[in-house]
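Read off the chains here:
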Amino acid sequence: MSRPLYRGFSGIGGKDRCADEDRYDPKEPSENGIGGAACATATAASRGRKRHLAAAAARIAVLVLAAAALVGSVAWAGSLYAGRGAASAMAAASAHRGYRRLQEQLVTDLLDIGELAGGGLRAREAEVCAPEYENYVPCYYNVSEAVDVTDLGGGVVISYERHCAREGRAACLVAPPRAYRTPVRWPSCKEFIWKDNVRISGQEFSSGSLFKRMMVEEDQISFPADAHMSDGVEDYAHQIAEMIGLRNEFNFNEAGVRTVLDIECGFGTLGSHLFERDLLTMCIANYEASGSQVQITLERGIPALIGSFASKQLPYPYLSFDMVHCAKCNVDWDKNDGVFLVEVDRLLRPGGYFVWTSNLNTHRALRDKENQKKWTTIRDLANNLCWEMLSQQDETIVWKKTNKRDCYSSRKSKPVLCGKGHDPESPYYQPLNPCIAGTRSKRWIPIEHRTTWPSQSRLNSTELDIHGVNSEVFAEDTSNWDSMVRNYWSLLSPLIFSDHPKRPGDEDPQPPFNMLRNVLDMNAHFGGFNAALLKSGKSVWVMNVVPTNAPNYLPLIFDRGFIGVQHDWCEAFPTYPRTYDMVHADGLLSLEKRQRHRCSTLDIFLEVDRILRPEGWIMIRDTAPLIEAARSVAAQLRWDARILDLDIASDEKLLICQKPFLRKQ
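Residues numbered from 1 in each chain as written. Predicted model: local features only at pLDDT ≥ 70, side-chain atom pairs only at ≥ 80, totals over all residues. Heavy atoms only, no water.

**Q** Hey, could you go over the environment of V184 for me, with residue numbers and the actual values?
**A** Looking at the element boundaries, V184 is found in the loop between α3 (86–122) and β1 (192–194). Owing to a relative accessible area of 17%, V184 belongs among the buried residues under this scheme. The spacing of V184 and E299 is 115 residues in sequence and 8.5 Å in space, taken between C-alpha atoms. Excluding its chain neighbours within four sequence positions, the residues that come into contact with V184 are C189, F192, I193 and W194. (Helix = DSSP H or I, 4+ residues; strand = E, 2+ residues; numbered from the N terminus. Buried < 20%, exposed > 50% of the residue type's maximum accessible area, 1.4 Å probe, protein only. Contact = heavy atoms within 4.5 Å.)

See the structure below:
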């Protein structure tokens, strides 16, 4: 694969003193102050003059190209008509109409590209947000209404519902805390993280989830395994395996368990432990202003998303998780006619397990009449969902979802089965549905009959037919990504941004296999990027995102044993700032370009910058004109950027960027 480097734009300009002061060294937080006023004024004036000149040049260039295209079409058509007969004239007229359409499309594309790049040329370099935006999460967090949870009394719970609106959204770069440090690499981050990289209040250290425990030292937070439960997380996982009927937790894969949804996961301790057993755990928890389970779990290198059962369905397909786990999570399963349990049933595959650990399940708690009433309601709801209670030990109960569809027809009580019109495979934050979903799906396959991991990731032709995917197309996609990832990895080096760039060759040291841990794929398609990373032996997990305006292959991604989510990239992603090491996008710009007037590339890139860690990587693959325009937007965000050719015979290019550390304002 040919990949010549372009000197092109860089996220940071030249080497003058003012430009150098736009960065800071994370190892020297005491020097992260603001530069001199004279330098800032001179730089602003210079940038202003350059922006006006560049904007004018861009507008003139677009208009000249558009005019040339139209004039060329008229002149070309005239030459066709000259000296021809009637038949030739008709053929020429038909050809002219086709060519005219091409010219009109060219003009439209030029204007679109001019608008895309114009935002980067007309607008000034993006400013850094105020310090109170350090943990800014759009759709959940209103800075003006933020509450300092350290001032709240014990037992106070603030509930945040997802609500996205473009107006009022901060259009600035979310800077890290002043004492932010490069995160600890995997696997050491499982055991400890830097204290100043996350926002904590101190109240969450000794209460809440079974796994919500930590030890705070001078500059770090540690998570010793035996501190999370009286018998340790290993014993807890072993207990669950035995309750299912397995010898130990190493046999989960043999029983068909690969993907786990952990509701209010504490700080990801169970997910961290299960990862070593080839289980992939997705943590979901409410937005929290401080002491966030999701933020800390991601800092530890474990998958997590902001989400809740409050009122909306989670943006996952039905029949996707092999196990749903809830350990002392704050979900009232008996409320609202059991609609939260119905949502769990929607997400579970046939034969999947619901593991519930709660103080309510103890003999002592059930002496209370109110607790007895709650437990009776939950037990009856589980029976009505055709769940079988496998076992109860201490505070833990395990139910198994039925793998027989005819069980539902033999019931005489609610919940009813969903109708065809009310059974969407991947709802995007739709209201909770009180009916049983997925029973008509071709994906209704018991977990014990599925191909086990890791063979699961290589779907056979019969499994691909369920998703309407041709096996040859799938094989070609797999081969392309295997080749692409081999080349991608060699580019993850600051050498690519040197003044005299040199493509890392075989003689150069490769980046370490654990250089990346948290990877987000913005347009995952079949999940080929995820599969290729794992095949190459990289110690990563990938959040596979299927845009709401793209073909919906999210069910296929889950059936491969991966995790993902459906998302609208004109909205904020449900995560905290600085939670991913790499963001990858293949064809996303083309996809968004077809959806006119939704949102700008700058809006999307600002969101990418928010969720990317300092010194994190961005790889964007798309058509050459869109990549060139995107590089201008990258310059606005101060990303170091280079463009590479992918193939001589292809019009696609690769934009590689690295996010810098930004000065605190």
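There is more to say after this.
**Q** Before we move on, could you go through the packing of helix α15 (residues 601–611) against helix α16 (residues 624–636) and cite the residues and values that matter?
**A** At a closest axis distance of 10 Å, the pairing of α15 and α16 adopts a crossing angle of 50°. The orientation of α15 relative to α16 falls into the category oblique. In the crossing of α15 with α16, the sense of the turn from one axis to the other is right-handed. Along its contact with α15, which presents T601, L602 and F605, the element α16 presents A630, V633, A634 and Q636. (Axes fitted to C-alpha atoms, helices over the stretch in contact; angles between N-to-C directions. Parallel < 35°, antiparallel > 145°, perpendicular 65-115°, else oblique. Left-handed = near helix turned anticlockwise from the far one by under 90°.)

**Q** How would you summarise the sheet that holds strand β5 (residues 280–285) if you had to cite specific residues and measurements?
**A** Spatially, seven strands are ordered β6-β5-β4-β7-β8-β10-β9 in an open sheet, and the strand pairing comes out mixed. Bordering the open sheet on either side are β6 (304–306) and β9 (387–393), each of which pairs with just one other strand. Adjacent strand axes in the sheet meet at a mean angle of 20°, parallel and antiparallel pairs treated alike. Sheet topology note: the strand β8 (residues 348–357)/strand β10 (residues 396–401) ladder contains five bridges and is antiparallel. Its bridge partner being in β10, W356 is matched across the sheet by I397. Contacting β8, β9 and β10, helix α8 (residues 369–384) runs over the sheet at an angle of about 20° to β10. (Pairing = 2+ DSSP bridges.)

**Q** Tell me about the state of the cysteines, residues and numbers included.
**A** One pass over the structure, following the stated rule, counts seven disulfides. Two residues share a disulfide in this structure: C139 and C164, whose sulfurs sit 1.9 Å from each other. For the disulfide bridge between C139 and C164, the dihedral angle about the S-S bond is near 115°, and by the sign convention the bridge is right-handed. Of this pair, C139 sits in the loop between α3 and β1 while C164 is found in the loop between α3 and β1, placing the two residues 25 residues apart along the sequence. (Disulfide = S-S within 2.5 Å.)

**Q** Go over unusual backbone geometry with me, naming the residues and quoting the values.
**A** That bond from W186 to P187 is cis: its omega, 5°, falls within 30 degrees of zero. Tracing the chain through its elements places P187 in the loop between α3 and β1. Backbone geometry places E264, a non-glycine residue, at a positive phi of 50°. Along the chain, E264 turns up in the loop between β4 (259–263) and α5 (269–275). Phi angles above zero are rare outside glycine, and H525 is one such case at about 60°. On the secondary structure map, H525 appears in the loop between β11 (518–521) and α12 (528–535).

**Q** Give me the lowdown on the environment of E448, citing residues and values where you can.
**A** Note on placement: E448 falls in the loop between α9 (406–409) and α10 (461–466). As a C-alpha pair, E448 and N253 span 195 residues in sequence and 9.6 Å in three-dimensional space. When near neighbours in sequence (up to four residues on either side) are disregarded, E448 contacts A255, G351, K400 and N403. Within polar-contact distance, the side chain of E448 engages the side chain of N403 at 2.8 Å. (Polar contact = N/O pair within 3.5 Å; in protein donor to acceptor, adjacent residues only side chain to side chain.)

**Q** For the sheet that holds strand β2 (residues 215–216), give the residues involved together with the corresponding values.
**A** Spatial strand order, β1-β3-β2: three strands in an open sheet with antiparallel pairing. Unpaired on one side and paired on the other, β1 and β2 mark the two borders of the sheet.

**Q** So what's going on with the pairing of β5? Residues and values would help.
**A** Among the six residues in β5, six count as buried, and that is most of the element. By the alternation rule, side chains of β5 split into L280, M282 and I284 and T281, C283 and A285, which are all buried. Both β4 and β5 contribute to a ladder of five bridges, which runs parallel. What sits directly across from L261, in β5, is M282. Between the parallel pair β4 and β5, the chain is carried across by α5, and the sense of this crossover is right-handed. (Right-handed = clockwise from strand over helix to strand, strands pointing away.)

**Q** Describe the nonpolar core, with residues and values.
**A** Y316, W333, F354, W356, L520 and M543 are the most contacted members of the largest nonpolar core, which has 106 residues in total. When residues in this core are grouped by element, the largest group, six residues, is from helix α7 (residues 339–347). Excluding its chain neighbours within four sequence positions, the residues that come into contact with W356 are C326, W333, N361, W375, I378, E395, T396, I397 and W399. Grouped together as the second largest cluster of nonpolar side chains are 23 residues, A532, M582, L644 and L646 included. (Core = buried A, V, L, I, M, F, W, Y, C linked by side-chain atoms within 4.5 Å.)

**Q** Tell me about the confidence of the model for the protein, residues and numbers included.
**A** For the protein, per-residue confidence averages 80 on the pLDDT scale, and residues scoring 70 or more make up 74% of the total. Note on residues 1–52: pLDDT under 50 across the span, and 103 contacts to partners over four residues away in sequence or across chains. Throughout residues 226–230 the model reports pLDDT below 50, and contacts reaching past four residues in sequence, or to other chains, amount to 10 contacts. (pLDDT = per-residue confidence, 0-100.)

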